[in-house]
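As a plain string of letters, each chain reads:
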Amino acid sequence: MRFVKQPLIKLGNDHLIEYPTPINLHYAWNFGFLSGMCLIIQIITGIFLAMHYTPHIDLAFASVEHIMRDVNYGWLLRYIHANGASMFFIVVYIHIFRGLYFGSYTKPRHWVWVFGVIILLLMIITAFIGYVLPWGQMSLWGATVITNLVSAIPIIGDSIVTWLWGGFSVDNATLNRFFSLHYLLPFIISAASIVHIAILHQNGSGNPLGIESNVDKINFYPYFIIKDLLGLVIFFIFFSVFVYFYPNILGHPDNYIEANPMVTPPHIVPEWYFLPFYAILRSIPHKLGGVIAMISAIAILAILPWAHSTEIRSSRFRPIYRFLYWTFISACLILGWIGGMPVEDPYIIIGQFASFYYFVYLIVVLPFLGKVEKFLLSFNGI
């Protein structure tokens, strides 16, 4: 027993073994654990890939091919890392949508949600600069297009872009600093994740009913550890299908062409997990307006705890909200589809309608629907 009382052992015991957990948590709560596993996988594979990667515009593409062809199991490391980024975003997006469905962003867990949004933003930055490193055609031109968006800032925009590039175009200095940041940011994400979990454990986990259940709790181990491990096995099977059978299906074929600043790809698109935000950017014809809308689409998530207008958290007891929630999911999927389409009709108008609904849902529906529901309940004498 004295061993258990050691500070570090006691900390692990309190948060991983004897942590009181609501008894009615189901598999939708697995995705927080899976997100942590994805982060660990990305850090480990990234460290080994960095041992063989050369951040120079003349050697980067060749070094990636060297990893694929000459390094023992280099192909496996690279495919796990490349597809692991997609798996990470799949898991995190499901984790976010679960939080929206069950009202996990409400007080007293509002700061857990805010730190989650910060982690999402760091993930997006990390994934974007990581996509530049293979130095293929889509890497170069994607970096050029996205970093050029900063030039929309009045007066100082062009100076910031030049500073980001380290010159007058995306070049060797850009690749070097992107490699350094891509190596550093996952450790910052790890620190933010620890804070995210620490704040969560202050008030305890929520549950599908959206009510406080301090009485009806059980130890995290062994009940939920077993549940998480089963989810992890199923996730690894899903992950392995992509790694071993369809390793390039989520990437762009143009990225197997070495970067050439003299040849522009016919259709520049980011990775699939950026497509909804890219569609929002393109839906506004004004460059600065599009940038503001794209950034707002992420930042607005952080204010949801203060926009929530009802004491009922879970959509299980809110049929109107439940219907509107699925329309919001549909709008997000439509934005993802539009982001990969050419900038022409009818895709432009569809993207504008979907973008409009995205913001209406977060700015209008969430704050005011609770008041409408309260009025309907009072009107029915409930």
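For the structure itself, consult the block above.
What counts as what
Residues numbered from 1 in each chain as written. Predicted model: local features only at pLDDT ≥ 70, side-chain atom pairs only at ≥ 80, totals over all residues. Heavy atoms only, no water. Helix = DSSP H or I, 4+ residues; strand = E, 2+ residues; numbered from the N terminus. Rg over C-alpha atoms; globule rule 2.2 N^0.38 Å. Buried < 20%, exposed > 50% of the residue type's maximum accessible area, 1.4 Å probe, protein only. Contact = heavy atoms within 4.5 Å. Areas by Shrake-Rupley, 256 points an atom, 1.4 Å probe, with all protein chains shown as cover. Lys, Arg positive; Asp, Glu negative; His and termini not counted. Charge placed at Lys NZ, Arg CZ, Asp CG, Glu CD. Salt bridge = Lys/Arg side-chain N within 4 Å of Asp/Glu carboxyl O. Axes fitted to C-alpha atoms, helices over the stretch in contact; angles between N-to-C directions. Parallel < 35°, antiparallel > 145°, perpendicular 65-115°, else oblique. Left-handed = near helix turned anticlockwise from the far one by under 90°. Nonpolar A, V, L, I, M, F, W, Y, C, P; charged D, E, K, R; others polar. Phe/Tyr/Trp six-rings, centres within 6.5 Å; stacked < 30°, edge-to-face > 60°. Lys NZ or Arg CZ within 6 Å of the ring centre and 35° of its normal. Core = buried A, V, L, I, M, F, W, Y, C linked by side-chain atoms within 4.5 Å.

**Q** Mind showing me how you'd approach the overall build of the protein chain here?
**A** The number of helices and strands found in the protein chain is 14 helices and two strands. Against the compact-globule benchmark of 21 Å for 382 residues, the protein chain has a radius of gyration of 23 Å, which places it among compact chains. With the C-alpha coordinates aligned to their principal axes, the bounding extent of the protein chain is approximately 70 × 60 × 40 Å. Scored against the burial criterion, the 382 residues of the protein chain give a buried share of 48%. Considering only contacts within the protein chain whose residues lie at least 6 apart along the sequence, 79% involve residues at least 24 apart. Total accessible area on the protein chain is roughly 20,000 Å²; 73% of this is exposed by carbon and sulfur atoms. If you average the places of the 19 positive and of the 17 negative side-chain charges in the protein chain, the two averages end up 15 Å apart.

**Q** Just to check I follow, could you spell out the pattern of salt bridges for this structure?
**A** Once the charged atoms of two side chains with opposite charge are near each other, the side chains can pair. All chains considered together, the criterion is met by one salt bridge. Close ionic contact of glutamate 65 with arginine 69 constitutes a salt bridge, the shortest N to O distance being 3.1 Å. You can see glutamate 65 and its partner arginine 69 sitting in helix 3 (residues 60-69), four residues apart, about one turn around the helix. Overall, the relative accessible area of 17% leaves glutamate 65 in the buried class. With relative accessibility at 66%, the residue arginine 69 sits in the exposed group.

**Q** Help me understand helix 10 (residues 275-283) in this model?
**A** Spacing of three or four residues puts side chains on the same side of an α-helix, whose turn is 3.6 residues. Burial within helix 10 is extensive, with nine of its nine residues counted as buried. Every buried residue belonging to helix 10 is among Leu275, Pro276, Phe277, Tyr278, Ala279, Ile280, Leu281, Arg282 and Ser283, and all of these are buried.

**Q** Is there a simple way to think about the packing of helix 4 (residues 74-102) against helix 9 (residues 223-244) in this case?
**A** Each pair of packed helices gets described by two things: the angle between the helix axes and the distance between those axes. Two elements in contact, helix 4 and helix 9, have axes separated by 9 Å at closest approach and are oriented at 130°. Our classification of the angle between helix 4 and helix 9 gives oblique. Between helix 4 and helix 9 lies a crossing whose hand is right-handed. Contacts between helix 4 and helix 9 involve Trp75, Leu76, Tyr79, Ile80, Asn83, Gly84, Met87, Ile90 and Val91 from the first element and Phe235, Phe238, Phe239, Phe242, Val243 and Tyr244 from the second. Here the contact of helix 4 with helix 9 is built from residues that sort into 13 nonpolar, two polar and no charged.

**Q** What exactly am I supposed to notice about unusual backbone geometry here?
**A** Trans peptide bonds make up the majority, and among non-glycine residues the majority have a negative phi. Following tyrosine 221, the chain continues into proline 222 via a peptide bond in cis, with omega recorded as 5°. Take proline 222: it is sitting in the loop between strand 2 (217-219) and helix 9. Here the bond from aspartate 345 into proline 346 is cis, since omega is 5°, no more than 30 degrees from zero. With respect to the element layout, proline 346 can be found in the loop between helix 13 (319-339) and helix 14 (347-379). Notably, tyrosine 73 is not glycine yet its phi reads approximately 60°, a positive angle. Inspection of the secondary structure puts tyrosine 73 in the loop between helix 3 and helix 4.

**Q** Would you take a moment to explain the packing of helix 2 (residues 30-50) against helix 8 (residues 172-203) for this structure?
**A** Orientation of helix 2 relative to helix 8, taken along the N-to-C sense of each, is 155°, at an axis distance of 11 Å. It follows from the interaxial angle that helix 2 and helix 8 lie roughly antiparallel. In terms of crossing hand, the pair formed by helix 2 and helix 8 is left-handed. From helix 2, Leu39, Ile43, Ile47 and Ala50 reach across to helix 8, where they touch Phe179, Tyr183, Pro186, Phe187, Ile189, Ser190 and Ser193. Here the residues of the contact of helix 2 with helix 8 sort into nine nonpolar, two polar and no charged.

**Q** Even after reading the chapter, I still don't get the packing of aromatic side chains, so can you show me in this structure?
**A** For any pair of aromatic rings, geometry is given as the distance between the ring centres together with the angle between the planes. Counting across every chain of the model gives 27 aromatic pairs. Relative to tyrosine 325, the ring of tyrosine 321 has its centre 6.4 Å away and its plane inclined at 45°; by these criteria the two rings are tilted. Separated by four residues within a single helix, tyrosine 321 and tyrosine 325 lie in helix 13, roughly one turn from each other. With respect to class, tyrosine 321 is no different from tyrosine 325; both count as buried. Residues tyrosine 325 and tryptophan 326 carry aromatic rings whose centres are separated by 5.1 Å and whose planes lie at 80° to one another, so their mutual orientation is edge-to-face. Of the residues examined, tyrosine 325 reaches a relative accessible area of 4% and is grouped as buried. We classify tryptophan 326 as partly exposed; its relative accessible area is 47%. Taken together, the ring pairs in this structure connect Trp29, Tyr101, Phe102, Tyr321, Tyr325, Trp326, Phe328, Tyr357, Tyr358, Phe359 and Tyr361 into an aromatic cluster. Seen from the ring of tryptophan 29, arginine 98 lies directly overhead, with NZ or CZ sitting 4.3 Å from the centre.

**Q** Please clarify how the nonpolar core should be interpreted in this entry.
**A** Side chains of a nonpolar character, in soluble globular proteins, are inclined to be buried together. Residues Phe89, Leu120, Tyr358, Tyr361 and Leu362 are the most contacted members of the largest nonpolar core, which totals 98 residues. In terms of residues, this core owes the most to one element, helix 4, which gives 13 residues. Here tyrosine 358 is in contact with Phe277, Ile280, Ala297, Leu301, Phe328, Cys332 and Leu335, once residues within four sequence places are set aside.

It is worth stressing that arrangement in space is one thing and function is another; only the former is reported here.
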